[in-house]
Amino acid sequence: VNLDPANDDLPYECDIDIRELVNVEDVMTELGLGPNGGLVYAMEYIEVNLDWLIARLRKATKDQVVPYVIFDCPGQVELYTHHDIMTRITQQLVKALDLRLVSVHLIDSTLCVDAYRYISAVLLS
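Our subject in this report is the structure included herewith. Computed from a predicted structure; not experimentally measured. (Residues numbered from 1 in each chain as written. Predicted model: local features only at pLDDT ≥ 70, side-chain atom pairs only at ≥ 80, totals over all residues. Heavy atoms only, no water.)

A word on the packing of aromatic side chains
What the rule picks out here adds up to one aromatic pair. With centroids separated by 6.4 Å and ring planes inclined at 25 degrees, the aromatic side chains of Tyr41 and Tyr45 adopt a geometry described as stacked. Taken together, the residues Tyr41 and Tyr45, both in helix H2 (residues 35–48) and four residues apart, mark about one turn of the helix. Residue classification places Tyr41 among the partly exposed positions, given a relative accessible area of 35%. Judged by its relative accessible area of 32%, Tyr45 is partly exposed. (Phe/Tyr/Trp six-rings, centres within 6.5 Å; stacked < 30°, edge-to-face > 60°. Helix = DSSP H or I, 4+ residues; strand = E, 2+ residues; numbered from the N terminus. Buried < 20%, exposed > 50% of the residue type's maximum accessible area, 1.4 Å probe, protein only.)

Rendered as structure tokens:
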């Protein structure tokens, strides 16, 4: 599941693409917002329209006994450090779909070369 409405170059095929619901580029054009404002607006739009995502998740996993779903979330740290939108979205998904979550945070390898860059990346995770 692609949960990043700003990712316009997916290196994989996904069963559910949130850009079918809202796309940051369209939000920026229609509302005159910059990239950060467009992303925050898009994420809030996803939360308001979470039924769209829940219905597609149920449809995509209906034939599986124990479904495993991978969510590719936005990488902008501000969505996690300055805003609680991702927390609210995941809490609502857990409640509506009875999910058990595991989180994996990937760090760019260039940030692991120097100790100060690595510590900075870990502190922001």
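Having seen it, we continue.
A word on H2
Counted at 1.5 Å a residue, the expected span for H2 with its 14 residues is 20 Å, and the 20 Å between its end C-alpha atoms agrees. Taken residue by residue, H2 has Gly38, Leu39, Ala42, Met43, Ile46 and Glu47 as its buried positions. Looking at the packing, one finds that the buried side of H2 touches helix H1 (24–31), helix H3 (50–61), helix H4 (78–81) and helix H5 (85–97). (Expected span 1.5 Å × (residues − 1). Contact = heavy atoms within 4.5 Å.)

A word on the side chain of Asp17
Relative to the helices and strands, Asp17 resides in the segment before H1. Note on Asp17: relative accessible area 10%, which makes it buried. At 2.5 Å, the side chain of Asp17 and the side chain of Arg19 are in polar contact. Setting aside residues no more than four positions away along its own chain, Asp17 makes contact with Asn2, Leu10 and Trp52. (Polar contact = N/O pair within 3.5 Å; in protein donor to acceptor, adjacent residues only side chain to side chain.)

What to know about the pattern of salt bridges
For the structure on display, the rule yields five salt bridges. When the shortest N-O distance is used, the salt bridge between Asp17 and Arg19 registers 2.5 Å. Among the ionic pairs, Arg88 bridges to Glu47, the shortest N-O distance being 2.9 Å. Of this pair, Arg88 sits in helix H5 while Glu47 is found in helix H2, placing the two residues 41 residues apart along the sequence. Each of the salt bridges in this network shares a partner with another, and the network as a whole consists of Glu47, Asp84 and Arg88. (Salt bridge = Lys/Arg side-chain N within 4 Å of Asp/Glu carboxyl O.)

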